[in-house]
Amino acid sequence: AEMFDGKRAYEPAAFKAAADALSARAGGLTGEFPQGTLGAPSAARPEIDQARPEFEALARHIGRLADALAIKAGNAPPEITADMRMTGPPMDGGSLLGKRPGAAEADPARMPAEHLLHLILQDCTSCHSKFRQKQQ
Ligand code: HEC
């Protein structure tokens, strides 16, 4: 995200490493929160157990986006090109929880890298706001 925001020098290898890590971690996200491990001292809220399908759908959604980003990052050019940039409003109506009714699910493989990143960060926030205990 810092590379796309210009806060850190863009390097294709570092972009690929970050996207690969994200894709590897996001895929296994549901397995990280088994029944009986929720609540204090973990910040994972007990509500996860009452809303497993929603939690797992979010994890699958972010996993799909992260996989698409990792594939793109594998072919990342030496500089950020215009076609990697986000243009216009999000194509799939925003995050999973804030989706417009009836909005079609767009194909992540056809989204610019920056757009994928934006949707991934929305999924982080969506899940944390519902399933992660606020930090004191
Ligand atoms: C499907 C739900 C979900 C998604 C999606 C998600 N998280 Fe989380 N995240 C959690 C939960 C639940 C916790 C609390 C875990 C705990 O305290 O045991 C957490 C905790 C964290 C923590 C604190 C870890 C610690 O050691 O205390 C960080 C950092 C974090 N998430 C980053 C992210 C980022 C970045 C993304 C998006 C790329 C993301 N998360 C996406 C559910 C999610």
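Above this text sits the structure in question.
Attention here is on the structure that accompanies the text. (Residues numbered from 1 in each chain as written. Predicted model: local features only at pLDDT ≥ 70, side-chain atom pairs only at ≥ 80, totals over all residues. Heavy atoms only, no water.)

## Some remarks on the pattern of salt bridges
One pass over the structure, following the stated rule, counts seven salt bridges. Between Arg52 and Asp49 there is a salt bridge, and its shortest N-O distance comes to 2.9 Å. Look at Asp49 and you get partly exposed, because its relative accessible area is 27%. (Salt bridge = Lys/Arg side-chain N within 4 Å of Asp/Glu carboxyl O. Buried < 20%, exposed > 50% of the residue type's maximum accessible area, 1.4 Å probe, protein only.)

## Focus: the packing of aromatic side chains
Taken as a whole, this structure holds four aromatic pairs when the rule is applied. Geometrically, the ring pair formed by Tyr10 and Phe15 is tilted, given 6.2 Å between the ring centres and 50° between the ring planes. Residue Tyr10 is classed as buried on the basis of its relative accessible area of 16%. Judged by relative accessible area, which is 7%, Phe15 ranks as buried. Through successive ring pairs, a cluster of aromatic residues spans Phe4, Tyr10 and Phe15. (Phe/Tyr/Trp six-rings, centres within 6.5 Å; stacked < 30°, edge-to-face > 60°.)

## Topic: the nonpolar core
Core analysis: the largest hydrophobic core is formed by 22 residues, its most contacted members being Phe15 and Leu69. Those elements that place two or more of their residues in this core are helix 1 (12–27), helix 3 (52–74) and helix 4 (113–131). With seven residues, the top contributor of residues to this core is helix 3. Non-local contacts of Leu69, meaning those with residues more than four positions away in its chain, are made with Phe15, Ala19, Leu22, Ala113, Leu116, Leu117 and Ile120. (Core = buried A, V, L, I, M, F, W, Y, C linked by side-chain atoms within 4.5 Å. Helix = DSSP H or I, 4+ residues; strand = E, 2+ residues; numbered from the N terminus. Contact = heavy atoms within 4.5 Å.)

## Thoughts on unusual backbone geometry
A cis amide bond links Ala40 to the next residue, Pro41, at an omega of 5°. Relative to the helices and strands, Pro41 resides in the loop between helix 1 and helix 2 (47–50).

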